[in-house]
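So the chains spell out like this:
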Amino acid sequence: DQGGHRKQPRSGSAKMSQFRSEEMKLVQLFIQNDAAYETLKELGALGAIQFKDLNSSKTAFQRTFVNNVRKCNEMERILRFLHDQIRKAEVRTQHGLVEAPESRLSMDDLSARLEEHEKELIQLNTGYDTLLRQHAETVELKYVLERCGKFFQGGSPSLPGSSEGPQSSLLEDDSAAGAAAASTRLGFIAGLVPQANLEQFGRVLFRATRGNMILRTDPLDHPIIDPKSGENMQKTVYIVFFSGERAKAKITKICDSFGANKYPFPENISEQHSHAIEVDTRAQDLNTVLERTKDHRYAMLARVALSLDAWFDQIRRDEAIYHTMNLFNYDITHKCLIAEGWCPTNDIDPVQTALRRAQEASGALVPTVLNVVTTKETPPTFFRNNKLTTGFQSIVDAYGIARYQEYNPAVFTIITFPFLFGVMFGDAGHGTIMTLFATILVLNENKFIGKPLNEMFEMMFNGRYVMLFMGIFAFYCGCVYNETFSIAFEASESAWYGNATEDLQKFHKHGTVYPFGVDPGWAHTANKLNFYNSLKMKISIILGVTQMVAGVCCKLTNCLFFNARLELFFMFIPEIIFINAIFGYLVIVIFHKWSTNFDERFVLNNYEIVTLPKDTWEAPSPGWPGGRAHTWVNENVPLFESNAQLQMNVTNPMLYNNTGCAEAGLCSLWKQPPPALLDMLIKMFMSPGHVEVPATLYSGQGGIQLVLVLLAVASVPVLLLAKPLLEKRQHEEKSRYQTVSHDPEAQDNDEDAEHFDFGEVMVHQIIHTIEYVLGCISNTASYLRLWALSLAHAQLSEVFWEKLVVEVGFEMANANPIALFVTVYLWACLTFSVLMAMESLSAFLHALRLHWVEFQNKFYHADGYQYMPFAFSKLAKGADAVGGQSED
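This is a predicted model, so every value here is computed, not measured.

Student: Help me out: how do you make sense of the sheet that holds strand S3 (residues 187-194) in this one?
Tutor: In a beta sheet, neighbouring strands pair by backbone hydrogen bonds and run either parallel or antiparallel. Strand order across the open sheet formed by four strands is S4-S7-S3-S8, with antiparallel pairing between neighbours. Edge positions in the sheet fall to strand S4 (213-219) and strand S8 (261-263), since each has one partner strand and no second. Averaged over all pairs of adjacent strands, the angle between strand axes in this sheet comes to 25 degrees, irrespective of strand direction. One ladder, built from three bridges, connects S3 with S8; its direction is antiparallel. Within the sheet, the bridge partner assigned to Leu192 lies in S8 and is Asn261. Contacts from helix H3 (residues 107-148) reach S3, S4, strand S7 (235-242) and S8, with the element oriented near 60 degrees to S7.

Next comes the structure, spelled out in C-alpha cells:
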C-alpha cells in the first residue's frame with residue numbers, strides 16, 4: 001500500500017474461510033413505504049446488511065423518522081419508570097415466561113397503553129404517599145396523646161417568679177379562680193422531635209426564652225416513620241410550657257427549624273380521652289385503606305411485569321428500525337425508500353428470502369428490489385467466528401481491524417498465543433489449576449451467558465476458551481521443563497547419577513536418554529541455573545525467529561492473493577532473504593550445536609578440528625603427524641597432547657602448528673570448547689569469511705557465512721529502492737498513455753494514479769526499510785522475554801516452596817505438626833496471589849506484545865473497519881439491560 005494505491009483481490013474468491021474475511025457486495029434496496037417496517041424487521045432478525053448513511057449531511061433532527069424515534073425514547077422512559085417501580089415494590093415474577101395479551105400491541109396502541117399505566121401508577125403513588133403521611137401523623141398524634149397526658153395529672157408546673165405554687169392546677173376549671181388565674185395561666189406546645197436534635201433543641205429554647213419555659217420529654221422505645229421524610233427515625237415526645245404570645249411565636253419557629261412536629265393537645269382531660277379514641281379509629285381506617293391501596297398497586301405492577309420484557313424488546317427493535325430508516329434516502333416521486341449497504345456474498349440469497357417474507361407480511365403490492373452495485377469503495381471486514389475463536393479474534397482486533405480480505409493473524413494466534421504464554425508460564429501444577437478453572441467456566445457457560453456479571457469475572461468468562469488453551473499449553477510446557485510447583489518428578493529412570501551437588505557434566509551416563517522433557521537429574525545441581533539459562537534462551541530465539549519468518553510468509557500469501565507482483569519480488573523476497581540469512585542461519589547453528597558432541601572434538605595443531613571417539617583416548621592416534629608417541633593430559637579446561645614438552649599455551653598457534661609439529665615435534669591436541677553463538681554472529685559481520693579454528697562448527701563455515709552476509713547486505717538496497725522506482729516508472733507510462741490516447745475510461749480507471757507522489761512513496765519505503773532491518777534485530781532480542789519470564793516464574797515458585805514448606809514446614813513438623821499446615825497454607829496463598837494472578841497477567845501481556853509488535857508488524861496492515869450489520873441480536877435483552885443504548 002504505497003502512495004494511496006491499493007490492489008483489489010483477484011476475482012473468483014467468493015467463499016473465504018477463517019484465513020480471510022468474507023467477500024462483500026454493495027447492495028441497493030428500493031423499499032416501498034408500506035413495507036419498510038416489515039422489511040427492516042426481517043433484515044434485523046437476519047443480521048446480514050450493514051447499511052450506509054445516505055443522509056450524512058442532515059442533522060438528527062432533520063431525518064424523516066425522527067418523531068418515531070422520539071416516541072420510542074419516550075416509551076422506553078416510561079418502561080424504565082415502570083421497571084424501577086416494580087423493583088422497589090419487589091414484585092416477584094418470571095420475566096419473559098408469561099406475556100400478557102397487550103404485550104403484542106402496535107406502536108401507537110402500546111404508546112397509549114404505557115401512558116395509561118404511567119398515569120395510573122403516578123396517581124396510585126401520590127395517593128399512597130398521602131395516606132402514608134396521614135398515617136404517620138396519626139401515629140405521632142397518638143403518641144402525643146398517650147405520653148403528654150401524664151404531664152397534666154397532678155400539680156401544674158410554675159414558671160420562675162410566679163405566685164402560684166405547684167399545687168395549683170394549670171387546667172383548673174373553677175369559675176371563681178378563673179379570673180384570678182387568667183393572667184398567670186401557661187400556654188403549651190406538644191409534639192415529637194428527632195432524638196438526635198433533642199439536646200440542641202432544649203438548649204436553644206432555653207436561650208430564646210431566657211429560661212422562661214418548661215420542657216418535658218418522653219423518648220419512644222422504637223423508631224417511627226417521619227411524616228415529612230418518610231424515613232424511620234428515633235423520636236421523643238415533648239411538651240413546652242410558656243407564658244405569653246411572644247414566647248409562643250419564638251418557640252413555634254424553633255420547633256419548625258429543628259423538624260419538631262406540632263400537634264393539637266386538648267386541655268380538658270375528658271377531651272383528651274375522646275380525642276384518643278378518635279385517633280385510634282382513624283389509624284385503623286388508614287391501615288385498612290393503605291393495605292388495599294398497596295394490594296391494588298402490587299396487582300397492577302404484577303400485570304405490567306408480565307409484559308415488561310416483551311415491551312422492552314419490542315421498543316428497542318422499533319427504535320433500531322427507525323434509526324436505520326433514518327439512514328435511507330426518501331424518493332418523493334416513487335414514494336419509496338432507497339437504502340445501500342454491505343452484505344456478505346454468501347448471505348445475498350437469505351436476504352432475498354427475507355425480503356419476500358416481509359412483502360407477504362406487509363401485504364405490499366410492489367416487491368422490494370435488491371441490486372448489486374459495482375463500486376471501488378473498500379468493503380468492511382467480516383469473519384464468521386464461533387465461541388471458541390471469538391476471544392482470539394478479539395485479541396487481534398484490539399490491535400486493529402484487518403484490511404478487507406487481508407490474511408487473518410487470528411488463525412496463528414489461536415495456537416501461538418497460548419503456546420508463548422505457556423513457554424513463559426510453564427508449570428504443570430499452575431497449568432492444571434488454570435485449566436480446571438477454565439473448564440468449569442466452559443462447562444457452565446449457559447448459566448452465565450446473558451446474565452449481568454461482575455466486571456472482572458465477565459472479562460475472565462469472555463476469555464474462557466483463551467484461558468483454557470493457555471492452561472493446557474502451560475501444563476505441556478511444565479511437563480517439558482519437568483516442573484510441577486517447581487518440583488521435578490522422575491517419571492522414568494534418570495540418565496544421570498552421582499553426587500547431586502556437583503556439576504552434571506562430570507556425571508556418567510547410563511547410555512539412555514530421558515523419554516520426555518528435561519531429565520530430573522538436573523534438579524538440585526550446582527549448574528542447574530546455567531543449564532536452564534542456556535536451554536530456555538536458545539528456545540526463545542528459535543520460537544521468535546520461527547514466528548517472525550511465519551509473519552513474513554503471511555505477506556507472501558497476501559501478495560499472491562492480491563496479485564501484488566512488485567511487493568512479492570521487491571519486498572517479500574528481500575525481507576525473507578535478510579531475516580533468514582542472519583537469524584534463520586542462527587537457528588540452524590543452534591540445532592547443529594545441540595547435535596554436536598564436543599567431548600569428542602579436538603583442535604589439532606591449532607589448524608583443524610578432528611573428531612576422536614572416546615574409545616581411542618587411551619592409545620596414540622593413527623593419523624598423528626610424525627607417528628610419535630604422545631600422552632593424553634586432562635587439565636581443568638583443555639584436554640591436550642604434546643610430544644615435545646608439556647606446556648599450557650598449546651592453544652597459541654604461533655607455538656603449536658602443523659609446521660612446528662612436522663619439523664620440531666611441537667604438536668598439540670586440545671579439547672575444543674563449545675563456540676559462543678553470539679560471538680559467532682558478531683564476527684560474522686566484523687570478519688566476513690574468516691572463522692577461527694577453535695570457533696569452527698563445521699567445514700566451510702567461513703565461506704557460507706560470507707555468502708549469507710553478502711545476501712543480507714544486498715537485500716537492503718533492493719528493499720529500499722526497487723519498488724518506489726518501479727512504481728514511478730509505471731506511473732509515468734500510464735500518464736504518457738493517457739496523454740496520447742485521451743481515453744476517458746482509462747483515466748477513470750487510473751484516477752488513483754493522479755495522486756502518486758514519488759517523494760511520499762520514497763519516504764514511506766525508507767521508513768519501512770529502516771523499521772524492518774532494525775526490527776529484525778530488536779524483535780529477535782525481544783523474544784528473550786520468553787526466557788526471562790520463564791526463568792523468573794520457575795525461580796519464584798522454587799523460592800516459595802523451598803523457603804516456606806521445605807526449610808520451615810518440614811523442619812518444624814516434628815516439633816509442631818500444625819506448623820506444616822500453616823506453611824502449606826501460606827504457600828498456597830502466595831501461589832494463587834503472586835503466581836496465578838500477577839505472573840499469569842504479566843505473561844499474558846508479554847504474549848500480547850509479541851503478537852502485536854513482533855509478529856503482526858511483518859505483514860498486518862490493520863487499516864480496515866469492522867463489519868457491523870443491522871441485527872436485533874446485538875440489542876439489549878429484556879428489563880435486565882435497562883439503560884442500554886439501542887443499535888443503529
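Student: Honestly, the pattern of salt bridges in this entry has me stumped. Any pointers?
Tutor: Side chains bearing opposite charge may pair, as long as their charged atoms lie close to each other. Under the definition given, this model contains 28 salt bridges. Residue Asp84 is joined to Lys88 by a salt bridge in which the shortest nitrogen-to-oxygen separation is 3.4 Å. Here Asp84 and its partner Lys88 are both found in helix H2 (residues 66-89), four residues apart, which amounts to about one turn of the helix. In this structure, Arg203 and Glu199 form a salt bridge, with 3.1 Å as the shortest nitrogen-oxygen distance. One end of the pair is Arg203 and the other is Glu199, both in helix H5 (residues 198-208) and four residues apart, which spans about a single turn. By relative accessible area, which is 37% here, Arg203 ends up partly exposed. Judged by its relative accessible area of 61%, Glu199 is exposed. One network of salt bridges, in which partners are shared, links Glu22, Asp347 and Arg384.

Student: What is the right way to read the sheet that holds strand S15 (residues 608-611) from this model?
Tutor: Taken together, the three strands give an open sheet; going across it, the order is S15-S14-S18, and neighbouring strands pair in antiparallel fashion. On the outer flanks of this sheet lie S15 and strand S18 (669-671), each paired with one strand and no other. The sheet shows a mean angle of 40 degrees between the axes of neighbouring strands, direction not considered. Across four bridges, the pairing between strand S14 (residues 601-604) and S15 is antiparallel. Bridging from a neighbouring strand, Arg601 pairs with Thr611 of S15.

Student: I would appreciate a short explanation of the pairing of S7 in the present structure.
Tutor: Among the eight residues in S7, eight count as buried, and that is most of the element. With burial as the criterion, each face of S7 is covered, one bearing Lys235, Val237, Ile239 and Phe241 and the other bearing Thr236, Tyr238, Val240 and Phe242. Note that S3 and S7 share eight bridges and pair antiparallel. When the sheet's bridge partners are listed, Val193 is paired in S7 with Thr236.

What counts and what doesn't
- Residues numbered from 1 in each chain as written.
- Predicted model: local features only at pLDDT ≥ 70, side-chain atom pairs only at ≥ 80, totals over all residues.
- Heavy atoms only, no water.
- Pairing = 2+ DSSP bridges.
- Helix = DSSP H or I, 4+ residues; strand = E, 2+ residues; numbered from the N terminus.
- Axes fitted to C-alpha atoms, helices over the stretch in contact; angles between N-to-C directions.
- Contact = heavy atoms within 4.5 Å.
- Salt bridge = Lys/Arg side-chain N within 4 Å of Asp/Glu carboxyl O.
- Buried < 20%, exposed > 50% of the residue type's maximum accessible area, 1.4 Å probe, protein only.

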